[in-house]
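Reading the structure
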Amino acid sequence: MPKAYEVIADDIRRSIREGTREPGDRLPSETDLAKHYKRSVPTVQNALRLLNEEGLIDKQHGRGNFVRRPRTAAVRDNTRHQWEKDRAREALAERAQTGATEHDTGLEINDLVFYAKYREIKAPQDLADALAVPEGTELVERTYRTRYAAETAPFNLVTSYLVRDLVAANPDLLDDSKEPWPGGTQNQLYTVGIEIDRIEERLTARPPTPEEAEELELPPGTSVILLRKTSYDVHDRVVDISDITLPGDRTELLFTTPLERW
C-alpha cells in the first residue's frame, strides 16, 4: 500500500503530466496542500521533495514550489565532426550563419548567449601525456559556455586545450575576443595549416560535483556525462583535447556508424 506522501506526489505528478498544471505554474502553499489532502505539512513536504528529486518541480526559497520548465534538449551526434570539417574551408559568410550548438539544438544563432575565456597554462602531467608533449609545455586553455537566451543554465561545460606553439602563428587564436569563431576549432586549426584526420570520444558518467550541479541547474539525482574529445591531425598528432560536461537530463547522444558494403 502506498504511503500518504506517495499518494499526494502521484496526484500532483498526474496533474503536471496531463497539463492541468503547466510549466511555470506555482503550486499551492504547503499549508494549503496539507488542508486539501487532509494530511500533515511534513507529509506534504515529503511529497514535494520526491517531485523535486524527479525534476518535476523547482523549490524557490521564499517564493514556493513551481512546475519545472523543461530545458532545451540537445542531440549530440558523431556526424557533427564531418559537418564541421566540411565547413572549415567555407567563406566567412557561410561559416558565420550557424554553429555546432545550433546544429545540436535546432536553435538560431540569435537565440544564443555565448561566453569564452582563454588563458595560458603550463601542461600538468596528465594533459602533457594526453597531448604527447613534455610536462610544463605552454597550453592555451579555453573555457566555453553557451546557453539559450531564454534560460539561465548553459547547455554544457567545455574546457579545451591547444598546444600554444602549434597555433601561435595566428595571433587571433590566442585572443578570446575573437570568439565566437565562425567555423569553430576546425577552422581555427585550418588557419595554421592543420587538418583534422580523426576524432576520438570517450564517455563516462558520474554524479555531478556541487559546482557542476549549480551551474547546470541540475535536479537532485541527475548525473552528468563526461566526454573527452581528442582530435588528431593527418600527421597523427594530438592537436586539441576538449573536456565536456553534459547534463544528463537534457542531452541525447546519437551515434551513427556507416558500414562498408561487402
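To keep things clear, this report deals only with the structure shown in the data block.

Parameters and conventions
- Residues numbered from 1 in each chain as written.
- Predicted model: local features only at pLDDT ≥ 70, side-chain atom pairs only at ≥ 80, totals over all residues.
- Heavy atoms only, no water.
- Phe/Tyr/Trp six-rings, centres within 6.5 Å; stacked < 30°, edge-to-face > 60°.
- Helix = DSSP H or I, 4+ residues; strand = E, 2+ residues; numbered from the N terminus.
- Lys NZ or Arg CZ within 6 Å of the ring centre and 35° of its normal.
- Salt bridge = Lys/Arg side-chain N within 4 Å of Asp/Glu carboxyl O.
- Buried < 20%, exposed > 50% of the residue type's maximum accessible area, 1.4 Å probe, protein only.
- Axes fitted to C-alpha atoms, helices over the stretch in contact; angles between N-to-C directions.
- Parallel < 35°, antiparallel > 145°, perpendicular 65-115°, else oblique.
- Contact = heavy atoms within 4.5 Å.
- Nonpolar A, V, L, I, M, F, W, Y, C, P; charged D, E, K, R; others polar.
- Pairing = 2+ DSSP bridges.
- Arc of directions from axis to C-beta.
- Core = buried A, V, L, I, M, F, W, Y, C linked by side-chain atoms within 4.5 Å.

Examining the packing of aromatic side chains
- Counted under the stated rule, the structure contains 1 aromatic pair.
- Taking the centre distance of 5.9 Å and the plane angle of 45° together, the rings of F114 and Y144 count as tilted. Highlighted residues: F114 in strand β4 (residues 112-122) and Y144 in strand β5 (residues 138-148), separated in sequence by 30 residues.
- The ring of W83 carries the charged tip of R87 above its face, separated from the ring centre by 4.6 Å.
- Positioned over the ring face of Y232 is R198, at 3.9 Å from the centre of the ring.

Details of the pattern of salt bridges
- Within this structure, the stated rule accounts for 23 salt bridges.
- Close ionic contact of D104 with R80 constitutes a salt bridge, the shortest N to O distance being 2.7 Å. Separated by 24 residues along the polypeptide, D104 in helix α6 (residues 100-105) and R80 in helix α4 (residues 80-87) bring together distant segments of the chain.
- D104 sits in the buried class, given a relative accessible area of 11%.
- Across the pair D243 and R228 runs a salt bridge, and its minimum N-O distance is 2.7 Å. Of the two residues, D243 sits in strand β9 (residues 238-247) while R228 sits in strand β8 (residues 224-233), which places them 15 residues apart along the sequence.
- The network of salt bridges with shared partners includes D58, R68, D249 and R250.

Regarding the packing of helix α2 (residues 30-37) against helix α3 (residues 41-53)
- Two elements in contact, α2 and α3, have axes whose closest approach is 9 Å; the angle formed by their N-to-C orientations is 105°. Our classification of the angle between α2 and α3 gives roughly perpendicular. Of the residues in α3, those in contact with E30, T31, L33 and A34 of α2 are V41, V44, Q45 and L48.
- Residues belonging to the contact of α2 with α3 are distributed by class as follows: 5 nonpolar, 2 polar and 1 charged.

Observations regarding the pairing of strand β2 (residues 64-67)
- The pairing of strand β1 (residues 57-60) with β2 spans 4 bridges and is antiparallel. Bridge assignment links D58 to a residue of β2, and that residue is F66.

What to know about the side chain of T146
- Looking at the element boundaries, T146 is found in strand β5.
- A relative accessible area of 10% places T146 in the buried class.
- Not counting the four nearest positions on each side in its chain, T146 is found in contact with T101, L112, V113, F114, P154 and F155.

Things to note about α2
- Among the residues of α2, L33, A34 and Y37 are the ones counted as buried. Viewed end-on, α2 has its buried residues packed into an arc of 100°, placing them on one side of the element. In this structure, α2 carries K35 and H36 as exposed residues pointing more than 90 degrees from its buried face.
- In the stretch just after α2, K38 is the one whose phi turns positive, near 55°.

Considering the sheet that holds strand β7 (residues 196-206)
- The 6 strands lie next to each other as β4-β5-β6-β9-β8-β7, forming an open sheet whose pairing is antiparallel. Looking at which strands have only one partner, the edges of the open sheet turn out to be β4 and β7. Along the sheet, successive strands turn relative to each other by an average axial angle of 15°, direction set aside.
- Note: strand β6 (residues 157-163) against β9, 5 bridges, orientation antiparallel.

Looking at the nonpolar core
- Residues Y144, L162, V167, L189, V239, I244 and L246 are the most contacted members of the largest nonpolar core, which totals 17 residues.
- Counting residues per element, the ones that place at least two in this core are β4, β5, β6, β8 and β9.
- The dominant element in this core, judged by the number of residues it contributes, is β9, at 3 residues.
- Once you skip the residues sitting within four places of it in the chain, V239 turns out to touch Y161, L162, L166, L189, I194, I196, S231, Y232 and D233.
- Counting residues in hydrophobic clusters, the runner-up holds 15 residues, among them I8, I16, V44 and L51.

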